[in-house]
Amino acid sequence: MTVTVVGIGGSLRPNSQSERAMRIALEGAVDAGAKVVEVSGPDLVLPFYDPAIPDRTDNARRLVEALRGADGVVLVSPGYHGTVSGLVKNALDYIEDLRDDERPYLDGRAVGCVATAQGWQASVTTLTALRSIVHALRGWPTPLGVAVNSREVEFDVEGGCTVPSVADQLRTIGRQVAEFAVSRTG
């Protein structure tokens, strides 16, 4: 059985470092046999989440439907002022639309977490915030989470990484998400 892993992340800047890191993590999921869906950059431009307003934009509907069908998730956020970016946090707020589903929120799904920031403090605190959010959404953070210091690591548009061990860690996260999903569905 093929599982689906949804990657959410990036910033408004096309091919941002966080978006490139997400793609490397999703490569690991593909290597483990998963189908992947990428939701990044412009896909994350959503109205502020308001549970009182049931109407959703096309981007919001696509995000919620992708997550509804996801067997696993990879979350990547740039660290803005020591925490998750507003763009990524707002996208995660839309998971509230899954509250009444048979599998509410991210229940029973592995979620790989990655944070990128210009320094260790912001990347580590952002990773911690992502893992806390995943717990609150009933997801299972993968054993490995990656904090990337963008002052020391760069990703290129071809999928390369200046520090091979970081690329290996990102692929490991994708594999862990896919393998957990297979074990839960198989």
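These lines cover the structure that appears in this document, whether it is placed above or below. If you're wondering where the values come from, they're calculated on a predicted model, not measured in any experiment.

### Description of the pattern of salt bridges
Per the counting criterion, the structure on display carries 10 salt bridges. In this structure, the salt-bridge partner of Arg171 is Asp168, at a minimum N-O distance of 3.7 Å. Here the residue Arg171 and the residue Asp168 both occupy positions in helix H5 (residues 164-185), the gap between them amounting to 3 residues, near one helical turn. A residue is classified by how much of its surface remains accessible, and Arg171, at 22% relative accessible area, is partly exposed.

### What to know about the side chain of Thr142
Within the fold, Thr142 resides in the loop between strand S6 (140-141) and strand S7 (146-149). A relative accessible area of 2% means that Thr142 is categorised as buried.

### A few points about the nonpolar core
Judged by nonpolar contacts, the single largest core of 34 residues is most densely connected at Ile8, Leu63, Leu67, Val73, Leu75 and Ile95. Elements represented by at least two residues in this core include exactly strand S1 (4-9), helix H2 (58-68), strand S3 (72-80), helix H3 (86-93), strand S5 (110-117) and helix H4 (120-136). Of all hydrophobic cores here, the second largest spans 25 residues; its members include Met22, Leu26, Ala167 and Ile173.

### Quick look at the pairing of S3
Summarising burial for S3: 8 of the 9 residues are buried, a large majority. Pairing of S3 with S5 involves 7 bridges; the strand directions are parallel. Along S5, the bridge assignment pairs Ser77 with Ala115. Inspection of the sheet shows S3 paired to strand S4 (residues 83-84) by 2 bridges, in the antiparallel sense.

### Quick word on helix H1 (residues 17-31)
Between the first and last C-alpha of H1 there are 21 Å, a value that for 15 residues agrees with the 21 Å anticipated at 1.5 Å per step. Of all the positions in H1, only Gln17, Ser18, Glu19, Arg20, Ala21, Met22, Ile24, Ala25, Leu26, Gly28 and Ala29 are classed as buried. Lining the buried residues of H1 we find S1, strand S2 (35-40), S3, S5 and H5. Within two residues after H1, Gly33 carries a phi angle of roughly 95°, on the positive side.

### Brief notes about the packing of aromatic side chains
This model, assessed by the stated rule, comprises 2 aromatic pairs. For the pair Tyr49 and Tyr94, a centre-to-centre distance of 5.0 Å together with 75° between the ring planes defines the contact as edge-to-face. Taken together, the positions of Tyr49 in the loop between S2 and H2 and Tyr94 in the loop between H3 and S5 put the pair 45 residues apart, joining distant regions of the chain. Taking the relative accessible area as the measure of exposure, Tyr94 reaches 3% and is therefore buried. Between the aromatic rings of Trp140 and Phe180, the centroid separation amounts to 5.9 Å while the plane-to-plane angle is 35°, which identifies the pairing as tilted. With Trp140 in strand S6 and Phe180 in helix H5, the pair connects residues that are 40 residues apart, well separated along the chain. For Trp140, a relative accessible area of 48% gives the class partly exposed.

### Examining the side chain of Thr126
Within the element layout of this structure, Thr126 appears in helix H4. The exposure class assigned to Thr126 is buried, which follows from its relative accessible area of 0%. Not counting residues up to four positions away in its chain, the partners in contact with Thr126 are Ser77, Pro78, Gly79, Gly82, Thr83, Val84 and Ala115.

### Quick word on the environment of Ser85
Following the sequence through the fold, Ser85 ends up in the loop between S4 and H3. The buried category is assigned to Ser85, whose relative accessible area is 1%.

### Topic: H5
In a regular helix each residue adds 1.5 Å, so 22 residues correspond to 32 Å; H5 covers 32 Å between its end C-alpha atoms and thus fits that length. Along H5, the residues classified as buried are Val166, Ala167, Leu170, Ile173, Gly174, Val177, Ala178 and Ala181. Axial view of H5: buried residues confined to an arc of 120°, hence all on one face. Facing away from the buried surface of H5 by more than 90 degrees, the exposed residues are Pro164 and Ser183. Looking at the buried residues of H5, the elements they touch are S1, H1, S3, S5 and S7.

What counts and how
Residue positions are counted from 1 within each chain, in the order its sequence is given. The predicted origin of the model limits local features to residues at a pLDDT of at least 70 and limits the giving and counting of side-chain atom pairs to 80 or more, whereas totals for whole chains, interfaces and linings rest on all residues. Hydrogens and water are ignored here; the side-chain numbers use all heavy atoms of the structure. Between Lys or Arg on one side and Asp or Glu on the other, a salt bridge is scored when a side-chain nitrogen of the former is within 4 Å of a carboxyl oxygen of the latter. Only DSSP runs of H or I reaching four residues or more are called helices, and only runs of E reaching two or more are called strands; each is numbered from the N terminus. Each residue gets one of three labels from its accessible area relative to the maximum for its type: buried under 20%, exposed over 50%, partly exposed in between, using a 1.4 Å probe on protein chains only. To form a nonpolar core, buried Ala, Val, Leu, Ile, Met, Phe, Trp, Tyr and Cys residues must be joined to one another through side-chain atoms within 4.5 Å. A pair of strands counts as paired when DSSP detects no fewer than two bridges linking them. Between the first and last residue of a helix there are one fewer steps than residues, each counted as 1.5 Å, and that sum is the expected span. Note on contacts: a residue pair is in contact if any heavy atoms of the two residues lie within 4.5 Å. The criterion for an aromatic pair is that two Phe, Tyr or Trp rings (for Trp, the six-membered ring) have centres within 6.5 Å, with stacked assigned to planes under 30 degrees apart, edge-to-face to planes over 60 apart and tilted to the rest. Throughout, the arc means that of the directions going from the helix axis to the C-beta atoms.

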